[in-house]
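Take a look at the letters that make up each chain.
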Amino acid sequence: MHPDQVEVPLTTVRALVADQFPRWARLPIRPVASDGTVNAIFRIGDHLAARFPLRAGDPDGTRAALESEAAAARELAASTRFPVPEPVALGRPGPGYPLPWSVQTWLPGTTASQADPGLSSAFACDLAELIADLRRIDTRGRTFSGPGRGGDLHAQDGWMETCFRRSEHLLDVPRLRRAWEHLRDLPRTAPDVMTHGDLIPGNLLVADGRLAGVLDVGGLGPADPALDLVAAWHLLDARTRPLLRRALGCDDLEWERGKAWAFAQAMGLVWYYADTNTGMSRLGRRTLDRILGDAAAR
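None of the values given here were measured: they were computed from a predicted structure.

(A) A look at the nonpolar core. With 60 residues, the main nonpolar core has Leu127, Leu204, Leu244, Phe263 and Met267 as its most contacted residues. The greatest single-element share of this core, amounting to 10 residues, is contributed by helix 8 (residues 252–272). Once residues lying within four places of it in the same chain are set aside, the contact partners of Leu127 are Leu204, Leu211, Ala231, Leu235, Leu236 and Leu244. Val13, Trp24, Ile29 and Trp101 belong to the second-largest nonpolar core, a separate cluster that totals 20 residues.

Okay, structure coming up:
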């Protein structure tokens, strides 16, 4: 999926686990099929999951990121009733794999990519509760930093130009350019709140039509309150989306900014993963269709 992707063979994972965590050496280890783009995931027995970063990087930087993710998991778990994987251990680089890696508890459930909850009113209400829980976490003076999603919409212009150029053979780019010209100019009025930062279907677990768990919480941090509203467009149907909006009390401006962040994310998903991760590419297309359909309906 990535030009700098690191291969993670099952034999290597078994050897690393046996060497660094011999207490788990006798447990079965098996790969987990997913649309994930950040980690290769392997189950260790029934209750643990090993996560191996897929993109090459500096080992010290990778370890710092994994430690930050573990701290974020603890912070979120203390702030919501929805299950979050618990950090268990950090592995070291070893033969066949050049980076630190992590072990956390395995949560039961099916990702929302597989069990589409878009028509579930109960899921929409759970999702609103999760976003409200995130917003109530104390920022402790932290503010948004970095070039990614969650700050100034205008800062996305360079990335969006790349997306438009790379999508000319895939999408109706002139129409999408016109949509972005409107969305990018929506003003920001609210201060930063804590956000998950990546509420896409693959990062949420579903059981019996309800939210059953929250994954990949390493992006927990302060950002535009509208950022987590991407979930409305990535996960919900037109019939359930208003339930989330009403539960959160979103005004028109916040709702439209959430749409803008979803648009920027979806544009990248379509072309970047067109040949390497069709599930993620389809997600981007569906989100764009929902956004454009909403604009047409209004």
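Here the narrative resumes.
(B) Broad picture of unusual backbone geometry. You will see that Arg140, though not glycine, has its phi angle at about 50°, which is positive. For Arg140, the location among the structural elements is in the loop between helix 3 (121–136) and helix 4 (157–166). One non-glycine residue, Asp216, lies in the positive phi region at around 45°. Relative to the helices and strands, Asp216 resides in the loop between strand 9 (210–214) and strand 10 (221–223). We classify Asp216 as partly exposed; its relative accessible area is 30%.

(C) Structural view of the side chain of Gln104. As for its position among the elements, Gln104 is in strand 5 (residues 101–105). There is a polar contact of 3.5 Å between the side chain of Gln104 and the side chain of Arg51. In contact with Gln104, other than residues within four places in its own chain, are His47, Leu48, Ala49, Arg51, Pro85, Glu86, Pro87 and Val88.

(D) Representation of the packing of aromatic side chains within the structure. As enumerated under the stated definition, the model contains 10 aromatic pairs in all. For the ring pair Phe52 and Trp101, a centre distance of 4.7 Å and an interplane angle of 15° mean the geometry is stacked. Separated by 49 residues along the polypeptide, Phe52 in strand 3 (residues 48–53) and Trp101 in strand 5 bring together distant segments of the chain. This pair shows no difference in class: Phe52 is buried, exactly as Trp101 is. Counting every residue linked through ring pairs, the aromatic cluster contains Phe21, Trp24, Phe42, Phe52, Tyr97 and Trp101.

(E) Quick peek at the packing of helix 4 against helix 5 (residues 173–183). One can describe the packing of helix 4 onto helix 5 by two numbers: an axis separation of 11 Å at closest approach and a directional angle of 165°. Looking at the two axes, helix 4 sits roughly antiparallel to helix 5. Along this stretch, helix 4 crosses helix 5, giving a crossing that reads as right-handed. On helix 5, the residues touching Asp157, Met160, Glu161 and Phe164 of helix 4 are Val173, Leu176, Arg177 and Trp180. Taken together, the residues of the contact of helix 4 with helix 5 break down into five nonpolar, no polar and three charged.

(F) Spotlight on the sheet that holds strand 9. Strand order in this open sheet of three strands is 6-8-9, and the pairing throughout is antiparallel. Both outer strands of the open sheet, strand 6 (110–111) and strand 9, are each paired with one neighbouring strand and no more. Relative to strand 9, strand 8 (residues 204–207) is paired through four bridges, and the arrangement is antiparallel. Within strand 9, the residue paired with Leu205 across the bridge is Gly213. Sitting on the sheet, helix 3 touches strand 8 and strand 9, and the angle it makes with strand 9 is about 40°.

Procedures and definitions
- Residues numbered from 1 in each chain as written.
- Predicted model: local features only at pLDDT ≥ 70, side-chain atom pairs only at ≥ 80, totals over all residues.
- Heavy atoms only, no water.
- Core = buried A, V, L, I, M, F, W, Y, C linked by side-chain atoms within 4.5 Å.
- Buried < 20%, exposed > 50% of the residue type's maximum accessible area, 1.4 Å probe, protein only.
- Helix = DSSP H or I, 4+ residues; strand = E, 2+ residues; numbered from the N terminus.
- Contact = heavy atoms within 4.5 Å.
- Polar contact = N/O pair within 3.5 Å; in protein donor to acceptor, adjacent residues only side chain to side chain.
- Phe/Tyr/Trp six-rings, centres within 6.5 Å; stacked < 30°, edge-to-face > 60°.
- Axes fitted to C-alpha atoms, helices over the stretch in contact; angles between N-to-C directions.
- Parallel < 35°, antiparallel > 145°, perpendicular 65-115°, else oblique.
- Left-handed = near helix turned anticlockwise from the far one by under 90°.
- Nonpolar A, V, L, I, M, F, W, Y, C, P; charged D, E, K, R; others polar.
- Pairing = 2+ DSSP bridges.

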